[in-house]
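Understanding the architecture of this molecule
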Amino acid sequence: MLVDSHCHLDKLDYDKLHTGIDDVLNKAKERGVEYFLSVGVTLAAFPKMMELIAPYDNVFASCGIHPLDVESGYESEQFKAYASHEKVVAIGETGLDYHYQPETAELQQKLFREQVRVAVELNKPLIIHTRMAREDTMRILREEGAEKCGGVLHCFTEDLDMALAAIELGFYISISGIVTFNTASDLKNVVSQLPLDRLLVETDSPFLAPIPYRGKQNQPAYTREVAQYIALLKGVSVEEVEQATTKNFFTLFSLAKQ
């Protein structure tokens, strides 16, 4: 059994590719993917996402403001109310992205800090997006006491030092379909060195479809390709990767299997 620990179920193509969320989840289940974390990126889209996933006990939610959406609107009391929902098991995705929007770095840092504080207050793990911002990301996590709630560096593409620093802080590392790309030799090397008991798998659907689906819209069913590639890199069975990453997911988010 696998868990897609990071997908955007409200952003999938329900006009041409899927007939509805039932279709998405059934396609995933056919490939052994049975649990899902649907990740929020703006407050405006959060209610609609929650309405979409409400009927499903095997779909959990997170609430956050993505660093590339920091200008989409943020109201602290509304955020805290959304984040307190019983189906919300994590805060994020939040973090820093200086690759695409370095001009909003100051606002990114401000909202990142606020979301870390809410995560600590509610004792819900963080889902971290970081790109071209290694030092600031780790500094803010340490300064705001993120080790109290823990979390995951999602869709990890950074170096081994950052991964180990995050693990030391009590975080997990989540690997996406990027690891299968021919251009990802550095990431492959990092993943081969990371402990299996600190790894999660994800699709980041609808983005970053793994080989052999690269160029197509991603979906939770493709979590299996990520797990298979990690098994190859680490020289273990796919079953071992399944068991470890599923256990890690339920441990991190303090969940019991439904």
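The name given to the protein chain in an unreviewed UniProt entry is Putative deoxyribonuclease YcfH, with Photobacterium andalusiense as the source organism.

Further remarks concern the side chain of threonine 223. Within the element layout of this structure, threonine 223 appears in helix H8 (residues 223-234). If near-sequence neighbours (up to four positions away) are discounted, threonine 223 is found in contact with Leu2, Val3, Asp4, Val33, Val201 and Thr203.

Moving on, we get to the packing of helix H4 (residues 105-122) against helix H5 (residues 134-143). Orientation of H4 relative to H5, taken along the N-to-C sense of each, is 35°, at an axis distance of 10 Å. The handedness of the crossing between H4 and H5 comes out as right-handed. Contacts between H4 and H5 involve Gln109, Phe112, Arg113 and Val116 from the first element and Asp136, Thr137, Arg139, Ile140, Leu141 and Glu143 from the second. A class-by-class count of the residues in the contact of H4 with H5 yields 4 nonpolar, 2 polar and 4 charged.

In spatial order, the strands read E1-E2-E3-E4-E5-E6-E7-E8; together these 8 strands make up an open sheet with parallel pairing. Both edges of this open sheet fall to strand E1 (2-7) and strand E8 (199-201), since each of them pairs with a single strand only. Adjacent strand axes in the sheet meet at a mean angle of 30°, parallel and antiparallel pairs treated alike. Examined bridge by bridge, strand E2 (residues 33-39) and strand E3 (residues 59-63) share 4 bridges and lie parallel to one another. Across the sheet, the residue bridging to leucine 37 is phenylalanine 60, located in E3. Each of strand E5 (126-131), strand E6 (151-153) and strand E7 (171-175) is contacted by helix H6 (residues 160-168), which is oriented at about 140° to E7, the strand it contacts most. Docked against the sheet, H8 engages E1, E2, E7 and E8, running at close to 145° with respect to E8.

Right, let's get into the UniProt feature "binding site: a divalent metal cation 1" (unreviewed entry) in the protein chain. When the UniProt feature table is mapped onto this chain numbering, "binding site: a divalent metal cation 1" (unreviewed entry) sits at His6, His8, Glu93 and Asp204. Taken together, the annotated residues stretch across 199 residues yet fold into one region, lying no more than 11.1 Å apart by C-alpha. The residue histidine 6 is located in strand E1 in this model. Judged by relative accessible area, histidine 6 falls into the buried class, the value being 1%. In contact with histidine 6, other than residues within four places in its own chain, are Leu37, Val39, Glu93, Ile127, His154, Glu202, Thr203, Asp204 and Ser205. Within the fold, glutamate 93 resides in strand E4 (residues 88-97). Under the relative-accessibility criterion, glutamate 93 is labelled buried at 2%. Within the structure, glutamate 93 has its side chain in polar contact with the side chain of histidine 6 (distance 3.0 Å).

What counts, and at which threshold
- Numbering of residues starts from 1 in every chain and runs along the sequence as written.
- Only residues with pLDDT of 70 or above have their local features reported here, since the model is predicted, and side-chain atom pairs are shown and tallied only from 80 upward, although totals for entire chains, interfaces and linings are computed over all residues.
- Side-chain calculation: all heavy atoms of the structure are included, whereas hydrogens and water are not.
- Where helices and strands are cited, they refer to DSSP runs of H or I of at least four residues and of E of at least two residues respectively, numbered from the N terminus.
- Throughout, a residue-residue contact means that at least one pair of heavy atoms, one from each residue, lies within 4.5 Å.
- To define axes, lines are fitted to C-alpha atoms, for helices over the stretch in contact only, and angles between the resulting N-to-C directions are given on a 0 to 180 degree scale.
- Should the near helix be turned anticlockwise from the far one by less than a right angle, the crossing is left-handed, and should it be turned clockwise, the crossing is right-handed.
- Classification convention: Asp, Glu, Lys, Arg as charged; Ala, Val, Leu, Ile, Met, Phe, Trp, Tyr, Cys, Pro as nonpolar; all other residues, Gly among them, as polar.
- Two strands are counted as paired when DSSP detects at least two bridges linking them.
- UniProt positions are given in the numbering used here, feature names are shortened, and annotations may be inferred rather than shown by experiment.
- The buried label goes to any residue with under 20% of its type's maximum accessible area, the exposed label to any with over 50%, and the partly exposed label to all in between, with areas taken from a 1.4 Å probe on protein chains only.
- Pairs of N or O atoms are called polar contacts if they sit within 3.5 Å, as long as, within protein, a hydrogen donor faces a hydrogen acceptor (for residues adjacent in sequence, only side-chain-to-side-chain pairs).

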